[in-house]
Amino acid sequence: QKEVEQNSGPLSVPEGAIASLNCTYSDRGSQSFFWYRQYSGKSPELIMSIYSNGDKEDGRFTAQLNKASQYVSLLIRDSQPSDSATYLCAVPSNSGYSTLTFGKGTMLLVS
Amino acid sequence: GAVVSQHPSRVICKSGTSVKIECRSLDFQATTMFWYRQFPKKSLMLMATSNEGSKATYEQGVEKDKFLINHASLTLSTLTVTSAHPEDSSFYICSASRTDEQYFGPGTRLTVT
């Protein structure tokens, strides 16, 4: 069973700062990685996917993947109060059918 | 693109009744759809995986006779909670896969009185 680990937080950052969210995974063979954002009382929203080592940038978001160390991170630049949410890391599970294994999520608070 | 809808968004029902929740992929065809449940301040819990035209695969501990799933087409899956009880009150969320990415519907909040 694949495992995805995240610090539950909360991670508190001041407005305008860089928020760094980290995720480690157990299966060295994982090839794709996803970050979801979930506001309180809402469903998750896919914000980033990354497949290759290195950085992938999309607006204020940067996903970083290091397969050798088995971690993937999400950086949020110029953090805004509207970024306050729980961020979920996910990797495909062994079950097939595009099933994902989710981490428990890191709560981010921007104030 | 990649929009998933769910209906209803909120439902209140009496104990012992059944409730049907619809999940639709609006702008893409999804061969696989997923049903999750989430209790307040808890993690997402996968209930079942649904493939078009075949029986759903349920996760361990999820009663298939209580949570009936039908995946009638490439854009529609339904979850029916049969003989609902107060402990079934939860936030039910579907998702649909396009390639290897999953897109979530807005969720259905079920309250059983």
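To be clear, the structure that these remarks concern was listed above.
Residues numbered from 1 in each chain as written. Chains lettered and ligands numbered in written order. Predicted model: local features only at pLDDT ≥ 70, side-chain atom pairs only at ≥ 80, totals over all residues. Heavy atoms only, no water.

1. A word on the side chain of Arg-37 of chain A
Residues and elements named next belong to chain A.
Here is step 1: One can find Arg-37 in strand β4 (residues 33-38).
Here is step 2: On the basis of relative accessibility, which here comes to 12%, the residue Arg-37 falls in the buried class.
Here is step 3: Setting aside residues no more than four positions away along its own chain, Arg-37 makes contact with Ser-43, Pro-44, Glu-45, Ile-47, Phe-61, Asp-83, Ala-85, Thr-86 and Tyr-87. (Helix = DSSP H or I, 4+ residues; strand = E, 2+ residues; numbered from the N terminus. Buried < 20%, exposed > 50% of the residue type's maximum accessible area, 1.4 Å probe, protein only. Contact = heavy atoms within 4.5 Å.)

2. Details of the sheet that holds strand β8 (residues 71-76) of chain A
All names here are of chain A.
Here is step 1: The sheet built from five strands is open, its strands ordered β1-β3-β8-β7-β6 with antiparallel pairing. Edge positions in the open sheet fall to β1 (4-5) and β6 (54-58), since each of these has one partner strand only.
Here is step 2: In this structure, strand β3 (residues 19-25) lies alongside β8, joined through six bridges in antiparallel fashion. What sits directly across from Ser-20, in β8, is Leu-75. (Pairing = 2+ DSSP bridges.)

3. Observations regarding the pattern of salt bridges
Residue and element names in this part refer to chain A.
Here is step 1: Evaluation of the coordinates by the stated rule reveals five salt bridges over all chains.
Here is step 2: A salt bridge links Arg-37 to Glu-45; its shortest N-O distance comes to 2.9 Å.
Here is step 3: Between Glu-57 and Arg-77 there is a salt bridge, and its shortest N-O distance comes to 3.5 Å. Placement of the pair is Glu-57 in strand β6 and Arg-77 in the loop between β8 and β9 (85-92), with a sequence separation of 20 residues.
Here is step 4: With relative accessibility at 59%, the residue Glu-57 sits in the exposed group.
Here is step 5: A residue is classified by how much of its surface remains accessible, and Arg-77, at 27% relative accessible area, is partly exposed. (Salt bridge = Lys/Arg side-chain N within 4 Å of Asp/Glu carboxyl O.)

4. Comments concerning the interface of chain A and chain B
Here is step 1: Contacts between the two partners involve 18 residues from chain A and, on the opposite side, 22 residues from chain B.
Here is step 2: Counting the surface lost from both chain A and chain B, the interface buries some 1500 Å², and carbon and sulfur atoms represent 53% of this.
Here is step 3: Seen at the junction of chain A and chain B, the total is seven residue pairs in polar contact (both at pLDDT 80 or more).
Here is step 4: Those elements that provide at least two residues to the side of chain A that touches chain B are β4, β5 (45-50) and β10 (100-102) of chain A.
Here is step 5: Examining the composition of the side of chain A that touches chain B, we find that three residues originate from one element, β4 of chain A, more than from any other. (Buried area = accessible area lost by both parts, 1.4 Å probe. Polar contact = N/O pair within 3.5 Å; in protein donor to acceptor, adjacent residues only side chain to side chain.)

5. Regarding the environment of Asn-51 of chain B
Here is step 1: Position of Asn-51 of chain B among the secondary structure elements: in strand β5 (residues 45-51).
Here is step 2: For the pair Asn-51 of chain B and Ile-69 of chain B, spaced 18 residues apart in sequence, the C-alpha to C-alpha distance is 9.9 Å.

6. Focus: the sheet that holds strand β1 (residues 4-7) of chain B
Residues and elements named next belong to chain B.
Here is step 1: Spatial strand order, β1-β3-β8-β7: four strands in an open sheet with antiparallel pairing. Both outer strands of the open sheet, β1 and β7 (67-73), are each paired with one neighbouring strand and no more. Shown here is a sheet whose adjacent strand axes are inclined to one another by a mean of 15°, direction ignored.
Here is step 2: Bridging between β7 and strand β8 (residues 76-81) involves five bridges; their strand directions are antiparallel. Across the sheet, residue Ser-73 finds its bridge partner in β8, namely Leu-76. (Axes fitted to C-alpha atoms, helices over the stretch in contact; angles between N-to-C directions.)

7. A short note on the state of the cysteines
Residues and elements named next belong to chain A.
Here is step 1: Taken as a whole, this structure holds two disulfides over all chains when the rule is applied.
Here is step 2: For Cys-23, the disulfide goes to Cys-89, at an S-S distance of 2.1 Å. Judged by the sign of its S-S torsion, about -70°, the bond between Cys-23 and Cys-89 is left-handed. Residue Cys-23 is located in strand β3, and its partner Cys-89 is located in strand β9; the two are separated by 66 residues in the primary sequence.
Here is step 3: For Cys-89, a relative accessible area of 0% puts it in the buried group. (Disulfide = S-S within 2.5 Å.)

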